[in-house]
Amino acid sequence: MENPIDLNGFIQIAIIVEDIDVAAREWAELLNVPVPEVKVHQTVETTDPNIKYYGENYKYGLKLASIMAPQGFIIELHQVMDDNPSTYNEFIREHGYGVHHIGFAVGDRRDAVVNELVERGYPKRVEHFYPGGSWTIIDAEQSLGVNLNIKPAM
């Protein structure tokens, strides 16, 4: 690749779970850390041009809990709250619960990395831009066994 992903940018693993409260407690006990707060993102239809699922506006609800390791690595737990088309429901339908994506911070090379992955045949599942950052889920399940989350920074 002309724009390879630096392994030092490996920052995240995101796991879709059936019951986030159970998963959060179990992960906390396993890692001997406090049980993470569960945040609820209600199902809201978005017309925001900066949030796309396969290039289209979409809506989904999600519960999210994050466990932060001292070195900055994060374990994210996701529980889907509705049946709307989303990258999470697509994953559950095809695979059941499990690791949805791994995340990499690539700095100011974000656009170059994402564009090269798309040129190599990996579709953009989700693209979300927000003030000060973005995240892009690249569909790499077929060849890599997992989706990629490409972010400029943590």
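Relevant structure appears above.
Computed from a predicted structure; not experimentally measured.

(A) Up close: unusual backbone geometry. Of note in this structure, Asn-32 is not a glycine but carries a positive phi near 55 degrees. Within the secondary structure layout, Asn-32 lies in the loop between helix 1 (20–31) and strand 2 (38–45).

(B) Structural view of the environment of Glu-56. Assignment of secondary structure puts Glu-56 in the loop between strand 3 (51–53) and strand 4 (59–68). Judged by relative accessible area, which is 53%, Glu-56 ranks as exposed. Counting along the chain gives 69 residues from Glu-56 to Arg-125, while the straight-line C-alpha distance between them is 9.9 Å.

(C) Region of the structure containing the pattern of salt bridges. Considering all chains together, one arrives at six salt bridges under this definition. With a shortest N-O distance of 2.5 Å, Arg-110 and Asp-111 are connected by a salt bridge. The class of Arg-110 is buried, set by a relative accessible area of 6%. Overall, Asp-111 belongs to the partly exposed group, its relative accessible area being 44%. Residues Arg-110 and Glu-127 are paired through a salt bridge, measuring 2.7 Å at the closest nitrogen-oxygen approach. Remark: Glu-127 occurs in strand 7 (residues 124–130) and Arg-110 occurs in helix 3 (residues 110–119); sequence separation between them is 17 residues. In this pair, the class of Arg-110 matches that of Glu-127, namely buried.

(D) Local environment of the packing of aromatic side chains. On inspection of all chains with the given rule, the structure shows six aromatic pairs. Between Tyr-53 and Tyr-58, the aromatic rings sit 5.6 Å apart at their centres with planes inclined by 50 degrees, giving tilted as the arrangement. Each member of the pair, Tyr-53 as well as Tyr-58, carries the same accessibility label: buried. Seen in terms of ring centroids, Tyr-58 and Tyr-60 are 5.1 Å apart; in terms of plane orientation they differ by 5 degrees. Their pairing is stacked. Three or more aromatic residues joined by ring pairs form one cluster here, namely Tyr-53, Tyr-54, Tyr-58, Tyr-60 and Tyr-88.

(E) Region of interest: the layout of surface pockets. Taken as a whole, the largest pocket encloses approximately 560 Å³ of empty space. If you go around the largest pocket, you meet 24 residues; those closest to its centre are His-41, Tyr-60, Leu-62, His-128 and Trp-135. Mapped by element, the contributors of at least two residues to the lining of the largest pocket are strand 1 (10–16), strand 2, strand 4, strand 5 (74–80), strand 7, strand 8 (133–138) and strand 9 (147–151). With four residues, strand 4 is the single largest residue contributor to the lining of the largest pocket.

Analysis parameters
- Residues numbered from 1 in each chain as written.
- Predicted model: local features only at pLDDT ≥ 70, side-chain atom pairs only at ≥ 80, totals over all residues.
- Heavy atoms only, no water.
- Helix = DSSP H or I, 4+ residues; strand = E, 2+ residues; numbered from the N terminus.
- Buried < 20%, exposed > 50% of the residue type's maximum accessible area, 1.4 Å probe, protein only.
- Salt bridge = Lys/Arg side-chain N within 4 Å of Asp/Glu carboxyl O.
- Phe/Tyr/Trp six-rings, centres within 6.5 Å; stacked < 30°, edge-to-face > 60°.
- 1 Å grid on protein atoms, 1.4 Å probe; cavity = no way out; pocket = protein on both sides within 12 Å on 5 of 7 lines; lining within 4 Å.
- Points joined across faces, edges and corners; volume = space filled by probe spheres on them.

In short, shape yes, function no, at least from these values alone.
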